[in-house]
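Descriptive structure summary
This is what each chain is made of:
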2 protein chains.
Amino acid sequence: MLDGLIVSIDAMGGDDAPGIVIKGIEYFLKNEGKNRRARFLLHGDEAALAPLLAKAPLAKARSEVRHTELAIAMDEKASQALRRGKGSSMWNAIEAVKQGEATIALSAGNTGGLMAISKVRLRMKPGVQRPALAATWPNAKGMGVVLDVGANVDCDAAQLTEFAVLGEAYYRALYKVENPRVGLLNVGSEESKGNDTVKAAHERLSQSELGINYIGYVEGDDISMGGADVFVTDGFAGNLALKTAEGTAKLIGTYFRVALQNSLWSKFTTFLNMFALRQLRKQIDPRNVNGAVLLGLNGIVIKSHGGTDHVGFSTALGKAIGIAESNFMDEIDRTLDALHEEDVDIGFIA
Amino acid sequence: MLDGLIVSIDAMGGDDAPGIVIKGIEYFLKNEGKNRRARFLLHGDEAALAPLLAKAPLAKARSEVRHTELAIAMDEKASQALRRGKGSSMWNAIEAVKQGEATIALSAGNTGGLMAISKVRLRMKPGVQRPALAATWPNAKGMGVVLDVGANVDCDAAQLTEFAVLGEAYYRALYKVENPRVGLLNVGSEESKGNDTVKAAHERLSQSELGINYIGYVEGDDISMGGADVFVTDGFAGNLALKTAEGTAKLIGTYFRVALQNSLWSKFTTFLNMFALRQLRKQIDPRNVNGAVLLGLNGIVIKSHGGTDHVGFSTALGKAIGIAESNFMDEIDRTLDALHEEDVDIGFIA
C-alpha cells in the first residue's frame, strides 16, 4: 500500500493518454512537485503503462498500477459511459476515492462521462442537484474561479446560489484568501439587467447573511480584469465565455508570432528580446491554468483538459494535490449546510 | 439639404460625447473615409457642438446640426429613455431614418434606450420579435459576426433561427462573401450536447432548404479561430462571451507591456522592435472592430461602444457607411420572408 496523500489517476483519459499522463507526473515531480510527498494510483492498461513508466523513474517510484483494459472513449455519450463504464480506468479512479483508498481523483478523459460516473459513485452532497465544474482563470489581480463552465447547461436560481457557496469555499481553500469577492455574471451591472433566473439568484444572494462577500453583478470583462474572485454563471454561458477567452488568447498568440516575424529585422530584435517574450508566453499559456474541479460531490474529482500535454497535466496534478491538502471538504460541508438552512428560514424556493 | 448618402448621428451619445463624436468624424474623413461622399446629420446641443466643429473643418463642411438640448443619459433605464426620450438627440437621430432623411443612424449612447426607441419608431420587420445586436470580431481567418450580443437575454429557438438568417445576410452585405458559414454556438460539437433551445434551433436549421450554409454546432474558441463566419447565440451568452474576449485581449495587453518593460535590456530591444509591436497592438485593439448593428428593424441602426474614443467612433462610422451602401436591407427582406414561409411550410412552432 501507498502511504501519505494519494491521488487516484485515470491513466487512459485524454487525447494523448496514457503518454501525457505518465510524462505529466514525471514533469510534476521534477518541477513544481519536487518536494511533495504525494503518491499515485494509476488506473489503466499495464502493458501500455509499463514502457512509459520505465522512462519516468520518479513517477514509477511513487506509483502503483491498477490494471484494467477498459477505457471510456473521448467522444462517448455520458449515458453510454455510465452504462458500460464499470471497471474502466475512469470508473476505477473514482471508485478508489469512494473506497477511501485515495483522497482525490484526476482524469483528462471525457467530461460527460466523468460527471456521470462521479455523480453515481460518489453521490451529491445533500441538497445539491448536479456537480458544478469550476475553472480557474488568471486575471489582472491574480487568479479567479469561474463556475459553472459546462456541467449544467440549464440552471435555476437555487443552483446559481449553490455555485456561489461552492465556489467561495473552493477559492478560500485553493488560494488561502479570507473573504473572496463573489460576483454574479450578467449582461450589465445595473439592477434592472439580466434574465429572471439571474435576477432571482441576485436577490437571494443579496438577502443572505451567510457572510459571503457577495459584490453583486459583474460582467464578462471582469473575469480577466479581476472584478471579482469567484464568478458565478450557468454552464452554457460559462463554457462559452471560457472557451472564447481561450480562443482569444490563442489568436493573440498567433498575431504575436506573425507580427514578430514579418521581417529579418524583427527576427533579429525579437531574438534579443527573447526573455521578455518567454515571460509573456508563460502568462498566456492555458496549460498553466489547467484543471477544473467538480464541486458538490462527496469526494474530490479534478478534470484536466482533454487536449492538454504533459505540462498541462502537471498543472492539474498540482492543483489536485493543493486541494487535497486543504480543508476544502469540511468548508463545503459547513457552508452548504448553512445555505440550505437559510433557504428554509427565508422561504426561498427555486 | 444634404445630398448623397446621409448618416444620422446622435452627437450626444457616449461616455465622452460630443467630443469623441466630432473628433471621430474628422478622423474618419482624414483616414479611412478620405474618398467617401457621405454627409452627416448631427443631433445635439448646438452650443456644445459649435466649438468642436470649429476645430474639425472636414466634419463641419459635411455636417448639418439639428439642435436639441435633450439627451438620454448613459445609465438611464430603457423604459425611462422611451418615456422621456422624445426630442432627444438619440430619438431624433432615429427619427431622421424613419422620415427618410438619412439612410442609417449611429449612436454611442445607452444601448437599452437605443434598442427601445429604435423598436418603437422604426418597428420590427414582420414576424421578428425584438432587434438582435450583431457584433463583428476578428479571427484567424478574417472577420466573424456574433449575434445576439446582449439585446435578447432570453431567446427561444425561433429567435435563434432568425438570428442565423439575419446574421448571414449581414455578413454577405458587409464582407461581400457568397456563402458565409453559419454556426450555432454550443458547449460541445456533438449532437447530444446543449440545452433544449439550442437543440431545437439546430434541428430547424438542419432541416432548412433556404440555402444557408449552416455548419452545425461550434464552440467558444471557434469565434477567434474562425470556425464559422456567423456565430449564433442568445444575448446573455453572447454578451458574456464577447466581453470576456475583450477582457482577455486587454489583460494580455497588460501582460505584454509589463513583460516588455521589466528590464533596461528589454526596453532597449523593444524599442528596436517597435514596428512589429505596433502591428500587433493594432490587431488586438478593440477600437478597430467597434460598431454593432441592430438587426430586424425597418431601418439600419448602428451602436458604437459607449466607452470608445474618436478612433473607435470612426471605425463604427465606416461600418455604418459600408452597410448603408450595400444591398443589406433588400437581402434581409428576402431571406426573412423565405424563413417565415418555410416556418409555415414545415410547421415549425417555437
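Right, let's walk through the structure included here. Owing to the predicted nature of the structure, the values given are computational and were not obtained by experimental measurement. (Residues numbered from 1 in each chain as written. Chains lettered and ligands numbered in written order. Predicted model: local features only at pLDDT ≥ 70, side-chain atom pairs only at ≥ 80, totals over all residues. Heavy atoms only, no water.)

With respect to the overall build of chain A
The helix and strand inventory of chain A stands at 14 helices and 11 strands. Taking 350 residues into account, the globule formula puts the C-alpha radius of gyration at 20 Å, and chain A, at 21 Å, falls close to it. Principal-axis analysis of the C-alpha atoms gives chain A an extent of 60 × 60 × 35 Å. For chain A, with 350 residues in total, the buried portion stands at 58%. The positive charge centre, built from 38 side chains, and the negative charge centre, built from 42, are 9 Å apart in chain A. (Helix = DSSP H or I, 4+ residues; strand = E, 2+ residues; numbered from the N terminus. Rg over C-alpha atoms; globule rule 2.2 N^0.38 Å. Buried < 20%, exposed > 50% of the residue type's maximum accessible area, 1.4 Å probe, protein only. Lys, Arg positive; Asp, Glu negative; His and termini not counted. Charge placed at Lys NZ, Arg CZ, Asp CG, Glu CD.)

With respect to the pattern of salt bridges
Residues and elements named next belong to chain A. Applying the stated criterion across every chain, the model contains 26 salt bridges over all chains. Of the charged contacts, one joins arginine 172 and glutamate 168 as a salt bridge, the two residues approaching to 3.0 Å between their closest N and O atoms. Here arginine 172 and its partner glutamate 168 are both found in helix α7 (residues 157-175), four residues apart, which amounts to about one turn of the helix. Members of the salt-bridge network, linked through shared partners, are Glu168, Arg172, Glu331 and Arg334. (Salt bridge = Lys/Arg side-chain N within 4 Å of Asp/Glu carboxyl O.)

What about the sheet that holds strand β4 (residues 104-107) of chain B?
Residues and elements named next belong to chain B. Strand order in the open sheet formed by 11 strands is β3-β2-β1-β4-β11-β10-β5-β6-β9-β7-β8, with mixed pairing between adjacent strands. Where the open sheet ends on each side, the last strands, each with one partner, are β3 (63-67) and β8 (213-218). Averaged over all neighbouring strand pairs, the angle between strand axes comes to 25°, with direction disregarded. Bridge count between strand β1 (residues 6-10) and strand β2 (residues 39-44): five bridges; the pairing is parallel. (Pairing = 2+ DSSP bridges. Axes fitted to C-alpha atoms, helices over the stretch in contact; angles between N-to-C directions.)

Comments concerning the packing of aromatic side chains
Residue and element names in this part refer to chain A. Taken as a whole, this structure holds four aromatic pairs over all chains when the rule is applied. Judged by centre distance (4.8 Å) and plane angle (55°), the rings of tyrosine 171 and tyrosine 175 are tilted. Placement of the pair is tyrosine 171 and tyrosine 175 together in helix α7, with a separation of four residues, close to one helical turn. (Phe/Tyr/Trp six-rings, centres within 6.5 Å; stacked < 30°, edge-to-face > 60°.)

Concerning helix α5 (residues 89-98) of chain A
Residues and elements named next belong to chain A. Counting buried residues in α5 gives eight out of 10 residues, a clear majority hidden from the surface. Residues of α5 that are buried in the fold lie against β1 (6-10), β2 (39-44), α4 (78-84), β4 (104-107), α6 (111-122) and β11 (300-303). Among the residues trailing α5, glycine 100 stands out with phi positive, at a value near 80°. (Contact = heavy atoms within 4.5 Å.)

Here's the deal with the sheet that holds β4 of chain A
All names here are of chain A. Strand order across the open sheet formed by 11 strands is β3-β2-β1-β4-β11-β10-β5-β6-β9-β7-β8, with mixed pairing between neighbours. Two strands lie at the open edges of the sheet, namely β3 (63-67) and β8 (213-218), each paired on one side alone. For this sheet, the mean inter-axis angle between neighbouring strands, taken without regard to orientation, is 25°. One ladder, built from five bridges, connects β2 with β3; its direction is parallel. Note that in β3 the partner of leucine 42 across the bridge is valine 65. Strand contacts of helix α13 (residues 310-325): β1, β2, β4, β5 (132-139), β10 (292-295) and β11, with the helix running at about 165° to β4, the strand carrying the most contacts.

Re the nonpolar core
Ile9, Ile25 and Phe40 of chain A together with Ile9, Ile25 and Phe40 of chain B are the most contacted members of the largest nonpolar core, which has 206 residues in total. Residue contacts for isoleucine 9 of chain A: discarding those within four places in its chain leaves Val21, Ile25, Phe40, Leu41, Leu42, His43, Ala93, Leu106, Phe313 and Leu317 of chain A. (Core = buried A, V, L, I, M, F, W, Y, C linked by side-chain atoms within 4.5 Å.)

Remarks on helix α8 (residues 196-207) of chain B
The first and last C-alpha atoms of α8 of chain B sit 17 Å apart over 12 residues, in line with the 16 Å expected at 1.5 Å per residue. All of the buried residues along α8 of chain B are Val198, Ala201, His202, Arg204 and Leu205 of chain B. Angularly, the buried residues of α8 of chain B cover 165° about the axis, an arc narrow enough to put them on a single face. Facing away from the buried side of α8 of chain B, by more than 90 degrees, are the exposed residues Asp196 and Glu203 of chain B. Check the buried side of α8 of chain B and you find it contacts α10 (235-259) of chain A together with α7 (157-175), β7 (181-185), β8 and α14 (328-345) of chain B. (Expected span 1.5 Å × (residues − 1). Arc of directions from axis to C-beta.)

By themselves, these figures tell us nothing about what the structure is for.
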